[in-house]
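Spelled out, the chains give:
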Amino acid sequence: NTKNLLCIGLKEEFQDLKKEINNLEFHDCKDFLEMAEILKACRFYVGNMSLQYYISEALKVPRLLEASPDFPVAFPVGPNAFDAYHQNHFEKFFKDLNKS
């Protein structure tokens, strides 16, 4: 039910996500600077361990990492930084970030 959702990942990832997330839109970033500008301007970032996550971590954008309990190699640091290992954690942190 969330609006203004933007995917800046791969087109194939977007097509898979779009099956589940109706309000999702896609933007193909022309370069990493544009990607960083979009991330800096966003309300919060949600994603897995990827370049976009590391940029949002460096910029200290409010963020939610989809983490793996089997291979935890990235850890959010600072305020408004969360990692979710299970669906119930993901939903709670997403709601909290979406209220901000």
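An account of the accompanying structure is given in this report. For clarity, every value in this text was computed on a predicted model and none was experimentally measured.

Here the focus is the nonpolar core. Counting 11 residues, the largest nonpolar core consists of Ile8, Cys29, Met35, Leu39, Tyr45, Tyr53, Ile55, Val61, Leu65, Ala67 and Ala74. Put simply, the parts of the chain that give this core at least two residues each are helix H2 (32-41) and helix H3 (51-59). Excluding residues that lie within four positions of it along the chain, Met35 makes contacts with Ile8, Cys29, Leu51, Gln52 and Ile55. The next biggest cluster of nonpolar side chains, apart from the first, holds six residues, and it includes Phe44, Leu64, Ala84 and Leu97.

To continue, consider the side chain of Glu57. If you trace the backbone, Glu57 turns up in helix H3. Look past the residues within four positions of Glu57 in its chain and what remains in contact with it is Arg63, Phe75, Pro76 and Val77.

By the definition in use, this model includes five salt bridges. The partner of Lys60 in a salt bridge is Glu57, and the shortest N-O contact between them spans 2.8 Å. For Lys60, a relative accessible area of 44% puts it in the partly exposed group. Where Asp96 meets Lys92, a salt bridge forms, and the shortest distance between an N and an O atom there is 2.6 Å. Here Lys92 and Asp96 lie together in helix H4 (residues 87-99), a separation of four residues that amounts to about one turn. On the accessibility criterion, Asp96 (27% relative accessible area) is partly exposed. Using a relative accessible area of 47% as the deciding quantity, one classes Lys92 as partly exposed. One network of salt bridges, with partners in common, ties together Glu57, Lys60 and Arg63.

Cut-off values and rules
Residue positions are given per chain, counting from 1 as you read along its sequence in written order. Local features in this predicted model are restricted to residues whose pLDDT is 70 or higher, and side-chain atom pairs enter the listing and the counts only when it is 80 or higher, whereas totals over whole chains, interfaces and linings include all residues. The side-chain quantities take in all heavy atoms of the structure and omit both hydrogens and water. Remark: nonpolar core denotes a set of buried residues (Ala, Val, Leu, Ile, Met, Phe, Trp, Tyr, Cys) joined through side-chain atoms within 4.5 Å. Note on exposure labels: buried denotes an accessible area under 20% of the residue type's maximum, exposed denotes more than 50%, and partly exposed covers the range between, all computed with a 1.4 Å probe on protein chains only. Going along the chain from the N terminus, every DSSP run of H or I of four or more residues is numbered as a helix, and every run of E of two or more is numbered as a strand. Throughout, a residue-residue contact means that at least one pair of heavy atoms, one from each residue, lies within 4.5 Å. Within this document, salt bridges are pairs made up of a side-chain nitrogen of Lys or Arg and a carboxyl oxygen of Asp or Glu, the two lying within 4 Å of each other.

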